[in-house]
Structures are given as structure tokens and as C-alpha cells.
Amino acid sequence: MHSRWENIMMKLFIFLIVLSLIQVTVSAQDTRVDFGISVADGELRSFYLAVSNHYHIPGKEVVAVKERYRFSTEELPVIYYLASRARVKPSAVIDLRMNRISWLDISFRLGLSPEIFFVPLTVEKIGPPYGRAYGYYKKYRPNKEWKKIVLTDSEVVDLVNLRFISEYHKIAPDKVTEMRGRGIKFVNINKEIEKGKGKSKGKSKGKKTKVKKKK
């Protein structure tokens with residue numbers, strides 16, 4: 001009787017171990033399915049998650065678009081930003097881009113103005129990679145001569161990511177331009193800001209609130 005009970009307990013123990021291993025495997029697979037990358041790719045994962053959350057696009061779709069059409073990581077916000085402003089599906093933007101149309105011309109074809117690419121900056125002297133684009137902006141904005149603004153593909157990518165990062169993290173655009181001016185890529189900028197916010201939360205939790213004594 002005792003031996004039979006031990007056998008039952010042993011089988012139950014093995015079953016629980018197998019079940020836990022299955023759960024771990026499924027969890028790992030879910031991570032790869034959702035983003036198409038492993039947990040080890042921390043900076044990329046963080047950027048994809050930010051794009052997914054900000055533009056309300058499933059993470060799986062974000063990565064699928066990148067892999068299928070060979071877009072650079074920092075072009076992804078451009079696709080979803082133009083689609084959201086023009087109120088069209090991302091596929092409409094992708095189709096135009098796959099026909100080798102520039103980002104600026106795509107915006108014109110979607111009935112959008114270059115005005116949508118600019119955010120207000122407080123710094124007087126705007127350095128690279130934003131100086132040239134904002135030079136056009138200051139020159140043509142007073143008379144709203146938006147079609148005279150000429151932007152390269154890389155300038156559009158820089159401008160859209162500036163807006164995306166500053167809006168998503170709710171920080172001043174000037175902070176993003178300063179980091180980008182130091183040659184930091186947006187994937188890394190996103191991660192640095194995220195880490196900074198995490199440290200700030202940790203410090204605020206550690207501080208004790210002083211309670212004033214009633215006289």
C-alpha cells in the first residue's frame with residue numbers, strides 16, 4: 001500500500017515538472033511570436049514595443065512589416081505616422097514606398113503637408129541633423145508655403161522619430177534633438193530615456209514624505 005502511494009506521488013511530481021517545462025516553453029514561444037525577436041534584444045524590443053503602443057499596432061505586425069519589406073527599424077514610425085495622419089491603412093503607405101517614392105512625395109500623395117513633420121523647438125541654434133530642415137521651416141512657415149520645403153528621406157525619418165520619441169515619453173523635443181545631435185540612434189535614445197525614467201521612479205519611491213506636525 002505504501003509503495004503504491006509512493007508511485008502515485010512520484011508520477012504526480014513528474015507530471016508537475018513536465019507541466020512547468022511546457023509553460024516555460026510556451027511563454028518563450030509567445031515572446032518570439034509577439035515581437036519576432038528574443039528577450040536578449042532589449043533595445044530593439046523596447047523600440048518595437050514603443051512603436052506598437054504609440055501607434056496602436058500589434059507588436060507582431062510591426063516586426064512582420066520590418067522583416068517582410070526590409071525597412072530599417074527607424075523607418076517604422078514613419079509608416080505608421082503617415083498612415084495615421086492620412087487616415088489610411090499602413091499598407092497604403094508601404095505600397096507607395098515599395099514603388100521607390102520618397103517619404104516627402106508620399107506625404108504629398110496622401111494629401112499631407114510637410115508641416116506635419118515639425119515640432120516646436122526652443123533652442124535658437126538647431127544643429128545637425130535638423131538644421132537644414134528647420135531652416136526651410138522658419139523660411140516658409142510665415143506664408144505657409146509648405147510645398148517649397150524640401151526634405152530628404154533621412155530628414156523625414158529624423159523628424160518623425162523626434163516627434164514619436166518626445167510624444168511617447170512625454171519629454172521636451174529639445175532633449176531628443178540634443179541626443180540625436182551626438183549621433184545616438186533613435187533605438188538607443190528610446191532605451192536611454194526609458195532607463196532614465198526607471199531611475200527617476202526608483203529615486204521617488206525611496207524618498208520619504210515629510211509630514212508636518214500640527215501646532
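These notes cover the structure that comes with them.

**Structural notes on unusual backbone geometry**
The amide bond that connects P128 to the next residue, P129, takes the cis arrangement and shows omega of 5 degrees. By secondary structure assignment, the location of P129 is in the loop between α6 (103–109) and α7 (131–140). With a phi close to 55 degrees, H56 is a non-glycine residue in the positive phi region. Within the secondary structure layout, H56 lies in the loop between α2 (42–55) and α3 (59–69). Classification of H56 by relative accessible area gives exposed; the value is 69%.

**With respect to the packing of α2 against helix α8 (residues 153–169)**
Running from N to C, α2 and α8 cross one another at 80 degrees; their axes reach a closest spacing of 11 Å. For the element pair α2 / α8, the angle class is roughly perpendicular. Here F47, A50, V51, N53, H54 and Y55 of α2 lie close against α8, whose contacting residues are V160, N161, F164, I165, E167 and Y168.

**Overview of the nonpolar core**
Membership of the largest hydrophobic core comes to 54 residues, with the highest contact counts inside it found for W103, F117 and Y134. With eight residues, the top contributor of residues to this core is helix α4 (residues 76–86). Not counting residues up to four positions away in its chain, the partners in contact with F117 are Y81, L82, L104, S107, L151, V156, L159 and V160.

Calculation criteria
Residues numbered from 1 in each chain as written. Predicted model: local features only at pLDDT ≥ 70, side-chain atom pairs only at ≥ 80, totals over all residues. Heavy atoms only, no water. Helix = DSSP H or I, 4+ residues; strand = E, 2+ residues; numbered from the N terminus. Buried < 20%, exposed > 50% of the residue type's maximum accessible area, 1.4 Å probe, protein only. Axes fitted to C-alpha atoms, helices over the stretch in contact; angles between N-to-C directions. Parallel < 35°, antiparallel > 145°, perpendicular 65-115°, else oblique. Contact = heavy atoms within 4.5 Å. Core = buried A, V, L, I, M, F, W, Y, C linked by side-chain atoms within 4.5 Å.

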